[in-house]
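An overview of the molecular structure
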Amino acid sequence: MARTRVRIPAVLALSAALFLTAGCGNDASSTSGEGRDQPRTGKPSVVVTTTWEGAFAKAAGAEDIKVIVPQSVHHAPDYDPKPSDLAAVAKADFVLYAPFEPYAAKIKEAAGSKAKLVEVELDNDPAKVSAEVGRLAGLFGTADAAAQWKTGFDAEYAKLNTDLQAAWPGGRSPSVVTQVFTAWSAKLAGATTVGTYGPEAVTPAQLAELAAKKPSLVLDNAHMSTGAVLPDSGAKQVKIVNYPGDDLDLLPVYRNAAAELKKAMGTP
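Residues numbered from 1 in each chain as written. Predicted model: local features only at pLDDT ≥ 70, side-chain atom pairs only at ≥ 80, totals over all residues. Heavy atoms only, no water.

So, on to the overall build of the chain. The helix and strand tally for the chain stands at nine helices and ten strands. Out of the 268 residues in the chain, the part that is buried amounts to 49%. When the accessible surface of the chain is split by element, carbon and sulfur atoms take 54% of a total near 12200 Å². (Helix = DSSP H or I, 4+ residues; strand = E, 2+ residues; numbered from the N terminus. Buried < 20%, exposed > 50% of the residue type's maximum accessible area, 1.4 Å probe, protein only. Areas by Shrake-Rupley, 256 points an atom, 1.4 Å probe, with all protein chains shown as cover.)

Next up, the structure:
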């Protein structure tokens, strides 16, 4: 397979304030750009705002991918796209972004006449990932590559899910409280979700309610962590990372989550 070219890698963390502003449950079916609704042929040039969109694009079969937000930026709203970023956007065939990102308006303004703007729903739930990857492949004209990726993804996900269920303490599904944007990891483990929290600050009353559920694990969003969620409950807190790394590979996100969950459940 051809090597993916990523000029500016990104590993960034989203803040609670970012999601509070616009949420993350967006309608990813909308795209803009007139007269370009038919799938293309050839390999497109794709510009993405973060590694998360970049990983979706790579899974869909894109090979020429540029990530805008640099690795040094820890907080997404702090980033202000540079002229060189916006120039790259203008030259792209496709520009992938999430509408809740604060610089989305600038990205839209910078898009050239040939660039097709595509909103991406960022969620690591496997069904949503498969749907987004398939949709992007239809736009890119890379359905075969996406189908091959999906076969590998489904096999790896099933293996991780089976391994995690085999690691359940006493053979029983662990009860968990999860941050709303890491619920996918509870699903990966086959865990029983007894409560959720975030992205807004948790009130004392909510903390008391969650503690009363007596969860064995708390699945915390590493990108939006506020520290110990239920410090006096006896529940083990697990840090879940949503964003892929510089290689724009989604699978390590699931492997790393599985490793952290097995460790928390007492399995080496």
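A few words now on unusual backbone geometry. Cis geometry is found at the peptide bond from Gly 198 to Pro 199, where omega equals 0°. When you line up the elements, Pro 199 lands in the loop between strand 8 (192-197) and helix 8 (204-212). Its identity is not glycine, yet Leu 248 carries a phi of approximately 55°, on the positive side. Tracing the chain through its elements places Leu 248 in the loop between strand 10 (236-240) and helix 9 (251-264). Using a relative accessible area of 2% as the deciding quantity, one classes Leu 248 as buried.

Glancing now at the layout of surface pockets. Summary: where empty space remains is shown by rolling a probe the size of a single water molecule over the atoms. Space inside the second largest pocket adds up to approximately 220 Å³. Tyr 197, Glu 200, Ala 201, Val 202 and Thr 226 are the residues nearest the centre of the second largest pocket, which is lined by 15 residues in total. In the lining of the second largest pocket, the residues fall into eight nonpolar, five polar and two charged. (1 Å grid on protein atoms, 1.4 Å probe; cavity = no way out; pocket = protein on both sides within 12 Å on 5 of 7 lines; lining within 4 Å. Points joined across faces, edges and corners; volume = space filled by probe spheres on them. Nonpolar A, V, L, I, M, F, W, Y, C, P; charged D, E, K, R; others polar.)

Quick look at the packing of helix 6 (residues 143-166) against helix 9 now. Viewed as axis vectors pointing N to C, helix 6 and helix 9 meet at an angle of 5°, and their least axial separation amounts to 10 Å. Judged by the angle between their axes, helix 6 and helix 9 are roughly parallel. Within the contact between the two elements, helix 6 uses Phe 153, Glu 156, Tyr 157, Leu 160, Asp 163 and Leu 164 and helix 9 uses Leu 251, Tyr 254, Arg 255, Ala 258, Leu 261 and Lys 262. (Axes fitted to C-alpha atoms, helices over the stretch in contact; angles between N-to-C directions. Parallel < 35°, antiparallel > 145°, perpendicular 65-115°, else oblique. Contact = heavy atoms within 4.5 Å.)

What follows concerns the side chain of Thr 178. Its place among the elements puts Thr 178 in strand 7 (residues 175-179). Discounting residues that sit within four places of it in the chain, Thr 178 has contacts with Ala 183, Thr 193, Gly 195, Thr 196, Tyr 197 and Leu 219.

With that out of the way, let us pick up the packing of helix 5 (residues 126-140) against helix 6. At a minimum axis separation of 9 Å, helix 5 and helix 6 run at an interaxial angle of 170°. With respect to helix 6, the axis of helix 5 lies roughly antiparallel. At the point where helix 5 passes helix 6, the crossing takes the right-handed sense. Facing Pro 126, Val 129, Ser 130, Val 133 and Ala 137 of helix 5, the residues of helix 6 in contact are Ala 143, Ala 146, Trp 149, Lys 150, Phe 153, Asp 154 and Tyr 157. When its residues are assigned to classes, the contact of helix 5 with helix 6 shows nine nonpolar, one polar and two charged. (Left-handed = near helix turned anticlockwise from the far one by under 90°.)

With that out of the way, let us pick up the nonpolar core. When a protein is soluble and globular, its nonpolar side chains tend to lie buried together. Judged by nonpolar contacts, the single largest core of 53 residues is most densely connected at Leu 96, Phe 140 and Tyr 254. By size, the runner-up hydrophobic cluster in this structure holds 16 residues, among which are Val 47, Ala 88, Ala 92 and Tyr 97. (Core = buried A, V, L, I, M, F, W, Y, C linked by side-chain atoms within 4.5 Å.)

Turning to the confidence of the model for the chain, a few remarks are in order. Per-residue confidence for the chain gives a mean pLDDT of 83, with 80% of residues at or over 70. Scored below 50 in pLDDT, residues 1-40 makes 114 contacts in the model with residues more than four places away or belonging to other chains. (pLDDT = per-residue confidence, 0-100.)

Okay, the pairing of strand 9 (residues 217-221) next. Among the five residues of strand 9, five are classified as buried, and the element is accordingly described as predominantly covered. Burial along strand 9 is two-sided: the residues Leu 217, Leu 219 and Asn 221 and Val 218 and Asp 220 are all buried. Looking at chain direction, strand 7 and strand 9 are connected through three bridges and run parallel. When the sheet's bridge partners are listed, Thr 178 is paired in strand 9 with Leu 219. With five bridges connecting them, strand 9 and strand 10 associate as parallel partners. (Pairing = 2+ DSSP bridges.)

This part is about the packing of aromatic side chains. For the structure shown, the criterion picks out seven aromatic pairs. Between the aromatic rings of Phe 94 and Phe 140, the centroid separation amounts to 5.0 Å while the plane-to-plane angle is 65°, which identifies the pairing as edge-to-face. A residue pair is termed long-range when its members are at least 10 positions apart, and Phe 94 in strand 5 (residues 94-97) and Phe 140 in helix 5 qualify at 46 residues. For the residue pair Phe 94 and Phe 140, the accessibility class agrees, reading buried in each case. (Phe/Tyr/Trp six-rings, centres within 6.5 Å; stacked < 30°, edge-to-face > 60°.)

Turning our attention to the environment of Ala 208. Mapped onto the elements of the fold, Ala 208 is located in helix 8. For Ala 208, a relative accessible area of 48% translates into the label partly exposed. Taking the C-alpha atoms as reference points, Ala 208 and Ser 233, 25 residues apart in sequence, are found 9.6 Å from one another.

A few words now on the sheet that holds strand 10. Taken in spatial order, the four strands make up an open sheet running 8-7-9-10, and their pairing is parallel. Only two strands of the sheet have a single neighbouring strand rather than two, namely strand 8 and strand 10. Shown here is a sheet whose adjacent strand axes are inclined to one another by a mean of 25°, direction ignored. On top of the sheet, helix 9 reaches strand 9 and strand 10; it is set at about 170° to strand 10, its chief contact.

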